[in-house]
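Listed here are the chains, written in short residue letters.
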Amino acid sequence: MSSENLPQSPEQQLRKPRVAVVFGGRSSEHGISVVTAGAVLNAIDRTKYDVLPIGITTDGRWALTADEPERMAITDRKMPDVAQLAESSEGGVVLSVDPGSREVVYSEPGSVPKALGEVDVVFPVLHGPYGEDGTLQGLLELSGVPYVGAGVLASAVGQDKEYMKRVFTSFGLPVGPYVVIRPREWDTDPSGARKRIVDFAGEHGWPLFIKPARAGSSIGITKVDDLSGLDEAIEEARRHDPKFLVESLLRGREIECGVLEFEDGPRASVPAEIPPVTAHDFYDFEAKYIDSASGIVPAPLTEEQTAEVQRLAVEAFEAASCEGLVRADFFLTEDGSFVINEINTLPGFTPISMYPRMWQESGVSYQELVDRLIQAALTRPTGLR
């Protein structure tokens with residue numbers, strides 16, 4: 001019997017739903033995940049929900065952390081870390097994979113395991129591999145625990161830029177030119193792979209962007225102006241992912257649009273524009289999170305352009321079978337057409353992040369956004385749907 005069909009005890013019927021906020025993780029986006037968790041913890045209505053913060057360290061340990069959002073902020077340009085927040089350097093949190101139980105257990109070496117009670121819904125704020133890519137979602141499906149955001153397939157598609165673009169292309173969405181270099185190709189024939197990249201540059205021109213295929217927050221991306229910087233850029237991308245993409249420069253404006261699932265289906269927010277970042281080559285990690293480069297919300301677009309990018313954002317949401325939320329990123333090219341760059345199934349979620357700002361401008365406050373996502377997850381069953 002699945003957990004969503006289990007009869008509730010009188011105690012379960014009376015108590016507040018319990019939300020486990022899971023954050024940190026093993027990816028290079030660990031720090032920004034902790035920052036996001038602090039903002040979400042601040043926003044959750046404690047009169048409606050009980051909260052259990054669970055941090056995942058960079059080596060994969062699930063740690064019990066203090067419910068202290070103020071310690072989860074960027075300080076002196078340094079990202080916070082789960083290891084600094086964990087209540088113990090050895091204790092671990094375990095979620096049952098028995099779909100008939102949602103019990104969470106905490107244990108330390110030499111101590112009797114302690115039951116922490118049941119979890120009704122998980123709010124994952126993990127970015128990148130080992131969290132945003134379907135791995136955590138698969139664990140939660142096995143456990144029968146509802147969770148915020150996209151399912152296994154959509155999460156995996158949203159993380160892997162190659163297959164994301166293939167899905168979009170199959171649905172007729174406009175995608176820019178790109179080349180994929182897989183690990184085996186680079187390991188067995190690096191000169192052949194390099195030639196493919198150079199040929200791509202000959203066809204589409206420099207500069208190129210070299211990107212890890214399965215990373216986010218602009219981590220590991222290098223803008224390459226000519227052949228001399230190619231090898232260093234490839235090395236940097238492969239430091240984060242053995243598979244990488246090569247994309248041509250699309251000249252135009254960077255436009256983002258949020259999608260949120262309502263009772264009657266997904267809706268798009270007002271779009272935002274990321275203006276040129278003068279202190280950086282492009283909108284990279286430093287610009288986004290350290291130097292707080294700000295976007296323009298709403299984007300200065302015509303009514304027709306706004307309607308078009310909103311339509312494309314919802315189409316991308318549906319094409320990848322997403323649930324809950326998505327931020328869709330586009331280029332408005334010089335010929336006036338939109339090209340989709342990527343979607344993010346768990347976008348940056350601090351109050352100053354673009355996704356919440358777009359919805360704030362669309363009439364949905366940050367607190368309401370968090371509450372809506374939790375409520376939607378509580379009513380959505382796990383399993384095939």
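Not measured: the values here are computed from a predicted model.

### Remarks on the pattern of salt bridges
Here is step 1: Evaluation of the coordinates by the stated rule reveals 30 salt bridges.
Here is step 2: Residue Asp241 is joined to Arg214 by a salt bridge in which the shortest nitrogen-to-oxygen separation is 2.7 Å. Of the two residues, Asp241 sits in the loop between α9 (230-240) and β11 (244-248) while Arg214 sits in the loop between β9 (208-212) and β10 (222-224), which places them 27 residues apart along the sequence.
Here is step 3: By relative accessible area, which is 3% here, Asp241 ends up buried.
Here is step 4: The partner of Arg327 in a salt bridge is Asp329, and the shortest N-O contact between them spans 2.9 Å. Each member of the pair, Arg327 as well as Asp329, carries the same accessibility label: buried.
Here is step 5: Counted as one network, the salt bridges with shared partners bring together Glu141, Glu261, Glu323, Arg380 and Arg385.

### Section: empty space enclosed by the protein
Here is step 1: Tallied over the full model, the rule gives four cavities of 30 Å³ or more.
Here is step 2: Roughly 90 Å³ of volume is contained in the largest cavity.
Here is step 3: Around the largest cavity sit Glu29, Gly128, Glu132, Gly158, Gln159, Lys161, Met164, Ala215, Gly216, Glu342, Ile343 and Asn344, which together line it.
Here is step 4: Here the lining of the largest cavity takes three residues from strand β16 (residues 338-344), the largest share from any one element.
Here is step 5: Partitioning the lining of the largest cavity into residue classes produces three nonpolar, five polar and four charged.

### Considerations on the sheet that holds strand β8 (residues 178-181)
Hydrogen bonds between backbone atoms are what pair the strands of a sheet, whose relative direction is either parallel or antiparallel.
Here is step 1: Taken together, four strands build an open sheet; the order of strands is β8-β11-β9-β10 and the sheet is antiparallel. Every interior strand has two partners, whereas the edge strands, β8 and β10, have only one. Adjacent strand axes in the sheet meet at a mean angle of 25°, parallel and antiparallel pairs treated alike.
Here is step 2: Bridging between β9 and β10 involves three bridges; their strand directions are antiparallel. When the bridges of β10 are listed, Phe209 appears paired with Lys223.
Here is step 3: Sitting on the sheet, helix α8 (residues 190-204) touches β8, β9 and β11, and the angle it makes with β8 is about 175°.

### A short note on the pairing of strand β12 (residues 252-262)
Here is step 1: As paired strands, β12 and strand β15 (residues 325-333) are joined by nine bridges and run antiparallel to one another. Bridge assignment links Ile255 to a residue of β15, and that residue is Phe330.
Here is step 2: Looking at chain direction, β12 and strand β13 (residues 265-268) are connected through four bridges and run antiparallel. Bridging across to β13, Leu260 finds its partner in Arg267.
Here is step 3: Hairpin connection between β12 and β13: a loop of two residues separates the two successive antiparallel strands.

### Examining a nonpolar patch on the surface
Here is step 1: Where nonpolar side chains cluster on the molecular surface, the patch consists of Val198, Trp206 and Leu227 and spans about 240 Å² of accessible area.
Here is step 2: Along the chain, Val198 falls in helix α8.

### Focus on the environment of Ser337
Here is step 1: With respect to the helices and strands, Ser337 occurs in the loop between β15 and β16.
Here is step 2: On the accessibility criterion, Ser337 (32% relative accessible area) is partly exposed.
Here is step 3: In this structure, the C-alpha to C-alpha distance between Ser337 and Glu308, residues 29 residues apart in sequence, is 9.3 Å.
Here is step 4: In this structure the side chain of Ser337 is engaged in a polar contact, spanning 2.7 Å, whose partner is the side chain of Asp335.

### Re the side chain of Glu273
Here is step 1: Summarising the element assignment, Glu273 is placed in strand β14 (residues 272-274).
Here is step 2: Residue contacts for Glu273: discarding those within four places in its chain leaves Arg253, Glu254, Ile255, Gly295, Ile296, Ala299 and Pro300.

### Section: the confidence of the model for the protein chain
Here is step 1: For the protein chain, per-residue confidence averages 91 on the pLDDT scale, and 92% of positions sit at 70 or higher.
Here is step 2: In this model residues 1-10 is a low-confidence stretch, pLDDT under 50, and it forms 14 contacts with partners more than four residues away in sequence or in other chains.
Here is step 3: pLDDT under 50 marks residues 287-292. Its contacts with residues more than four places away, or in other chains, come to 20 contacts.

### Brief notes about the environment of Ile255
Here is step 1: Structurally, Ile255 is set in strand β12.
Here is step 2: Separated by 40 residues in sequence, Ile255 and Gly295 have C-alpha atoms that sit 9.3 Å apart.
Here is step 3: Excluding anything up to four places from it in sequence, Ile255 contacts Pro271, Ala272, Glu273, Ala299, Leu301, Val309, Ala328, Asp329, Phe330, Leu332 and Phe338.

Definitions and cut-offs
Residues numbered from 1 in each chain as written. Predicted model: local features only at pLDDT ≥ 70, side-chain atom pairs only at ≥ 80, totals over all residues. Heavy atoms only, no water. Salt bridge = Lys/Arg side-chain N within 4 Å of Asp/Glu carboxyl O. Helix = DSSP H or I, 4+ residues; strand = E, 2+ residues; numbered from the N terminus. Buried < 20%, exposed > 50% of the residue type's maximum accessible area, 1.4 Å probe, protein only. 1 Å grid on protein atoms, 1.4 Å probe; cavity = no way out; pocket = protein on both sides within 12 Å on 5 of 7 lines; lining within 4 Å. Points joined across faces, edges and corners; volume = space filled by probe spheres on them. Nonpolar A, V, L, I, M, F, W, Y, C, P; charged D, E, K, R; others polar. Pairing = 2+ DSSP bridges. Axes fitted to C-alpha atoms, helices over the stretch in contact; angles between N-to-C directions. Contact = heavy atoms within 4.5 Å. Patch = residues over 30% accessible without salt bridge, like charges linked within 9 Å, V, L, I, M, F, W, Y side chains within 5 Å. Areas by Shrake-Rupley, 256 points an atom, 1.4 Å probe, with all protein chains shown as cover. Polar contact = N/O pair within 3.5 Å; in protein donor to acceptor, adjacent residues only side chain to side chain. pLDDT = per-residue confidence, 0-100.

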